Amino acid sequence: RASPNMSKFYKKCVVKGCPNNGIGDKSVGVRFFGIPVSPDNRYPSDSIIIQQRRELWLARLNINDANIKTKHLVCNLHFASGKPSYYLQKNHPDWAPSVSLNKAITDSTRLQRRVLYTYN
């Protein structure tokens, strides 16, 4: 028999100031998505677009690639449709997180902000 706490999970959205940090209840509809992984040799034709997408996610989230040690997650609040688009849909607004990221960039440098808004 499943424990009543099985519906609980511990996940943290990496966007600074996001309310979806800590223990959440699956019934409230919060979903989390991992930052795209670095491309590997399995799909060499897609490696450029996968790397571009990863770089855009990291720029928008103000995360340094060298600082990623564990799986970083972004919640559905930061996507217009509630989830990331398919990785080949480069012109889709949800190709990378774009909603409610203001708190994440308040501590960023001018160069980081310029990268954030000119990457598209």
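Calculation criteria
- Residues numbered from 1 in each chain as written.
- Predicted model: local features only at pLDDT ≥ 70, side-chain atom pairs only at ≥ 80, totals over all residues.
- Heavy atoms only, no water.
- Helix = DSSP H or I, 4+ residues; strand = E, 2+ residues; numbered from the N terminus.
- Contact = heavy atoms within 4.5 Å.
- Phe/Tyr/Trp six-rings, centres within 6.5 Å; stacked < 30°, edge-to-face > 60°.
- Buried < 20%, exposed > 50% of the residue type's maximum accessible area, 1.4 Å probe, protein only.
- pLDDT = per-residue confidence, 0-100.

Per an unreviewed UniProt entry, the protein goes by THAP-type domain-containing protein and derives from Daphnia magna.

### Observations regarding the environment of isoleucine 68
Mapped onto the elements, isoleucine 68 comes out in the loop between helix 1 (47-61) and strand 4 (73-75). Sequence spacing of isoleucine 68 and isoleucine 35 is 33 residues, and the spatial spacing of their C-alpha atoms is 9.9 Å. Non-local contacts of isoleucine 68, meaning those with residues more than four positions away in its chain, are made with Ile35, Arg54, Leu58 and Ile63.

### Structural notes on the environment of proline 97
Tracing the backbone through its elements, the reader meets proline 97 in the loop between strand 4 and helix 2 (102-105). Distance from proline 97 to cysteine 75, taken between C-alpha atoms, is 9.2 Å for residues 22 residues apart in sequence. Contact partners of proline 97, with chain neighbours within four places excluded, come to Trp57, Arg60, Leu61, Val74, His78 and Phe79.

### Details of the packing of aromatic side chains
For the structure on display, the rule yields 3 aromatic pairs. Taken together, a centroid distance of 5.7 Å and an interplanar angle of 80 degrees make the contact between phenylalanine 33 and phenylalanine 79 edge-to-face. Remark: phenylalanine 79 occurs in the loop between strand 4 and helix 2 and phenylalanine 33 occurs in strand 3 (residues 32-34); sequence separation between them is 46 residues. When its relative accessible area of 3% is taken as the criterion, phenylalanine 79 is described as buried.

### Structural notes on the confidence of the model for the protein
Do not read the fine detail of predicted coordinates wherever pLDDT is low. On average, residues of the protein score 76 in pLDDT, and 68% of them are at 70 or above. Low confidence marks residues 104-108, where pLDDT is under 50. Its contacts with residues over four positions away, or in another chain, come to 10 contacts.

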